[in-house]
Amino acid sequence: MIAFPNCKINIGLHVLSKREDGFHSIETIFLPLKNLKDILEIKESDQIFFSCTGLGSEYLTNNNLCLKAYELLKVDYTLPSIKMHLHKCIPTSAGLGGGSSDAAFTLLLLNKFFQLNISIKSLERYAAMLGSDCALFIQNRVAFGKGKGDKLSSITIPQLQNKYIYIIKPNVFIKTAEAYSHVKPTLSHPSLKSLIKKPISSWKDTITNDFEHYYFNRFPVLAEIKQSLYTHGALYASMTGSGSAMYGIFDYMPENMHALPLSYFQWKGIIE
């Protein structure tokens with residue numbers, strides 16, 4: 001059985017406070033992108049086996065969220081041994097949620113393949129145990145996220161209808177824990193729920209990602225990519241999650257950015 005775990009972007013990311021459990025309270029808008037996706041296959045087997053190919057596969061073979069999702073369900077359900085193969089098309093260390101999506105889709109695939117009849121709410125609880133934004137991909141829809149990013153509520157953004165997106169991931173690798181160690185939490189942000197309702201043309205001046213300030217100083221190429229997206233006509237451009245992928249939202253299908261190194265990951269598509 002095969003599934004296609006897709007990525008997401010964050011439209012705005014506010015780090016509000018440090019929690020007693022060591023995590024941070026945030027607010028963000030999650031936008032799943034259904035056309036940029038990995039490929040996950042599960043088969044029954046006589047022993048547990050996981051393999052991975054594609055982008056960043058050398059980092060994922062022995063320690064990955066797909067196996068952790070399987071082991072998590074196995075605590076509560078009788079599962080036979082399986083063979084899993086993951087082909088990575090979503091870049092790692094990008095803020096695109098590829099690993100979280102792979103984990104959530106593993107839960108969904110196991111639930112369907114073995115007819116476990118686990119409810120959506122229960123699947124979301126399992127997903128939240130695996131990572132802060134894993135639960136997003138269970139229902140896989142636009143959502144306002146708060147708490148650690150695991151408290152989700154439905155939201156609509158009609159301004160994005162028929163808009164296009166261009167994603168650029170340079171050779172910059174940011175670990176989430178490192179990103180949070182350098183951000184300064186603040187409660188003074190205006191609510192993203194209000195800001196997101198305004199025209200996209202206003203987002204440039206109002207909707208921010210709190211990780212950009214530190215990382216644009218450390219890696220100036222990120223600021224350069226953001227400016228390039230605006231130069232090429234983006235209505236709004238930002239880093240997604242804790243980075244390092246950058247994206248721009250356009251009225252038209254953007255052409256390839258000029259003078260970008262061939263080693264940079266680039267993807268463009270329509271927002272569904």
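Conventions used here
- Residues numbered from 1 in each chain as written.
- Predicted model: local features only at pLDDT ≥ 70, side-chain atom pairs only at ≥ 80, totals over all residues.
- Heavy atoms only, no water.
- Helix = DSSP H or I, 4+ residues; strand = E, 2+ residues; numbered from the N terminus.
- Rg over C-alpha atoms; globule rule 2.2 N^0.38 Å.
- Buried < 20%, exposed > 50% of the residue type's maximum accessible area, 1.4 Å probe, protein only.
- Contact = heavy atoms within 4.5 Å.
- Pairing = 2+ DSSP bridges.
- Axes fitted to C-alpha atoms, helices over the stretch in contact; angles between N-to-C directions.
- Core = buried A, V, L, I, M, F, W, Y, C linked by side-chain atoms within 4.5 Å.
- 1 Å grid on protein atoms, 1.4 Å probe; cavity = no way out; pocket = protein on both sides within 12 Å on 5 of 7 lines; lining within 4 Å.
- Points joined across faces, edges and corners; volume = space filled by probe spheres on them.
- Nonpolar A, V, L, I, M, F, W, Y, C, P; charged D, E, K, R; others polar.

Of regular secondary structure, the protein possesses 9 helices and 12 strands. Taken over the C-alpha trace, the protein has a radius of gyration of 18 Å; the compact-globule value for 272 residues is 19 Å, and the two agree within 12%. Oriented by its inertia axes, the alpha-carbon framework of the protein measures out at about 55 × 40 × 35 Å. Burial statistics for the protein: of 272 residues in total, 53% are counted as buried. Partitioning the contacts of the protein with sequence separation of at least 6, the portion at a separation of at least 24 is 73%.

With that out of the way, let us pick up the sheet that holds strand β5 (residues 49-54). Reading across the sheet, the 4 strands line up as β1-β4-β6-β5 and stay open at both edges, with mixed pairing between neighbours. Here the strands that pair on one side only, and so sit at the sheet edges, are β1 (2-3) and β5. Set on the sheet, helix α1 (residues 65-76) makes contact with β4 (39-44), β5 and β6 (82-88); between it and β6 the angle comes to about 150 degrees. Sitting on the sheet, helix α2 (residues 98-113) is in contact with β1, β4 and β6, with an inclination near 35 degrees to β4.

Attention now moves to the nonpolar core. Judged by nonpolar contacts, the single largest core of 54 residues is most densely connected at Ile9, Ile11, Leu160, Ile167, Trp203, Leu229 and Tyr236. When sequence neighbours within four positions are dropped, the list of residues in contact with leucine 229 reads Tyr166, Ile168, Ala234, Ala237, Met246, Tyr247, Gly248, Phe250 and Met257. Counting 35 residues, the second-largest nonpolar core is a separate cluster that includes Cys52, Leu86, Ala103 and Cys134.

Each pocket or cavity is described by its volume, and for the largest pocket that value is around 1,400 Å³. In terms of lining, the largest pocket is formed by 47 residues, of which the most central are Leu65, Ser100, Asp133, Thr176 and Ser242. Across the lining of the largest pocket, the residue classes tally to 20 nonpolar, 20 polar and 7 charged. If you add up the space inside the second largest pocket, you get close to 300 Å³. Lining the second largest pocket are 15 residues, and of these Lys121, Glu124, Gln139, Asp150 and Leu152 lie nearest its centre.

All right, on to unusual backbone geometry then. Following glycine 243, the chain continues to serine 244 via a peptide bond in cis, the omega torsion being 15 degrees. With respect to the secondary-structure elements, serine 244 resides in the loop between β10 (236-239) and β11 (246-250). In this structure, glutamine 115 takes a positive phi of about 50 degrees despite not being glycine. Inspection of the secondary structure puts glutamine 115 in the loop between α2 and α3 (120-130). A residue is classified by how much of its surface remains accessible, and glutamine 115, at 64% relative accessible area, is exposed. Non-glycine residue asparagine 162 carries a positive phi angle of around 65 degrees. Within the secondary structure, asparagine 162 sits in the loop between β8 (151-154) and β9 (164-169). Residue asparagine 162 is classed as exposed on the basis of its relative accessible area of 52%.

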